[in-house]
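These are the residues of each chain, in order.
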Amino acid sequence: MEEENGNRIIRINLLQVSMTLGTYLGVYLILAYAFIALTVKHTVMSLVALPLMLGIPVVAYLLVKRFRDQSQAPYFPFPISWIISILTFVFATALSCMAVYLYLRYVDKGTIAANMMSVLDAYTRSTQASISAMTDPEEIAQYTKALEMMRQNITMVCSLTPSGFTKQLISSSLMWGNILSVIIALITAKRIRIN
């Protein structure tokens, strides 16, 4: 993109900028996914994993804002900010999902799925004890239905192949990336000031 500002021409290579920012965000996503995987075995890691996941939009915003400030452009229109934001999420998704696929395919060997099933079994045993103490049949039916639904979802996730799981992760990452990129672009856009 080229814009003329008086006698000065401002050049921004959108793909290069987005790839650089996407690499930084992708490394952050890999770190967040690693802590989520550790959460399945060590529940205390959720104290780190949850803030890391909630920090993804904040990190993406800070990256785009830092680029906007470093470019020192007199204005940073919404379309440019949105394109940079969305491409940053695309490149970050590609990098992080590739790392997830490689981990699931060559390193994990079903460990996460086994840990998820063991956590589900422990949760089922503890829930069955609390259900047996209930007296309201309607409440018992709701708990049982919720427990069965959770079992089906976890079983479905555990039965996915590494490529199937990665495809699901790509689609959800791109969906949230599209939503977040519009919000980030609205916040980081700098309009022309008329004196």
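The coordinates are above.
Please read these numbers as outputs of a predicted model, since none were measured by experiment.

Concerning the pattern of salt bridges
Logical step 1: This model, assessed by the stated rule, comprises 3 salt bridges.
Logical step 2: Linking aspartate 69 and arginine 68 is a salt bridge whose minimum nitrogen-to-oxygen distance equals 3.1 Å.
Logical step 3: Residue aspartate 69 is classed as partly exposed on the basis of its relative accessible area of 38%.
Logical step 4: Arginine 151 serves as the salt-bridge partner of aspartate 121, at 3.6 Å between the closest nitrogen and oxygen. Note that aspartate 121 is positioned in helix α5 (residues 111-132) and arginine 151 in helix α6 (residues 137-159), a separation of 30 residues in sequence.
Logical step 5: Aspartate 121 gets classed as partly exposed once you look at its relative accessible area, which sits at 31%.

Comments concerning the nonpolar core
Logical step 1: Core analysis: the biggest nonpolar cluster contains 27 residues, and Leu21, Leu25, Ile84 and Phe89 have the highest contact counts within it.
Logical step 2: Counting only elements with at least two residues in this core, the list comes to α1 (14-41), α3 (56-71), α4 (78-108) and α7 (162-188).
Logical step 3: When sequence neighbours within four positions are dropped, the list of residues in contact with phenylalanine 89 reads Leu25, Ile56, Ala60, Gly177, Leu180, Ser181 and Ile184.

Examining the environment of aspartate 108
Logical step 1: Positionally, aspartate 108 belongs in helix α4.
Logical step 2: Remark: the alpha-carbon pair of aspartate 108 and serine 172, spanning 64 residues in sequence, is separated by 22 Å.
Logical step 3: Within the structure, the side chain of aspartate 108 is placed 3.1 Å from the backbone nitrogen of isoleucine 112, a separation counted as a polar contact.

Let's talk about α7
Logical step 1: Spanning 27 residues, α7 covers 36 Å between terminal C-alpha atoms, matching the ideal 39 Å at 1.5 Å per step.
Logical step 2: Those residues of α7 that sit buried are Gly164, Thr166, Leu169, Ser173, Gly177, Leu180, Ser181, Ile184, Ala185 and Thr188.
Logical step 3: Buried positions along α7 lie against α1, α3 and α4.

Section: the packing of α1 against helix α2 (residues 46-54)
Logical step 1: Running from N to C, α1 and α2 point in directions that differ by 145°, and their axes come no closer than 8 Å. Judged by the sense of rotation from one axis to the other, the crossing of α1 with α2 is left-handed. For the pair α1 and α2, contact is made by Tyr28, Leu31, Ala32, Tyr33, Phe35, Ile36 and Thr39 and by Ser46, Val48, Ala49, Pro51, Leu52 and Met53, respectively.
Logical step 2: The residue makeup of the contact of α1 with α2, split by class, is 11 nonpolar, 2 polar and no charged.

Some details on the side chain of threonine 39
Logical step 1: Along the chain, threonine 39 falls in helix α1.
Logical step 2: Here the side chain of threonine 39 touches phenylalanine 35 through a polar contact of 2.7 Å, landing on its backbone oxygen.
Logical step 3: Ignoring anything within four residues of it in the chain, the contact list for threonine 39 reads Met45, Ser46 and Ala49.

Conventions adopted
Residues numbered from 1 in each chain as written. Predicted model: local features only at pLDDT ≥ 70, side-chain atom pairs only at ≥ 80, totals over all residues. Heavy atoms only, no water. Salt bridge = Lys/Arg side-chain N within 4 Å of Asp/Glu carboxyl O. Buried < 20%, exposed > 50% of the residue type's maximum accessible area, 1.4 Å probe, protein only. Helix = DSSP H or I, 4+ residues; strand = E, 2+ residues; numbered from the N terminus. Core = buried A, V, L, I, M, F, W, Y, C linked by side-chain atoms within 4.5 Å. Contact = heavy atoms within 4.5 Å. Polar contact = N/O pair within 3.5 Å; in protein donor to acceptor, adjacent residues only side chain to side chain. Expected span 1.5 Å × (residues − 1). Axes fitted to C-alpha atoms, helices over the stretch in contact; angles between N-to-C directions. Left-handed = near helix turned anticlockwise from the far one by under 90°. Nonpolar A, V, L, I, M, F, W, Y, C, P; charged D, E, K, R; others polar.

By themselves these figures say nothing about function.
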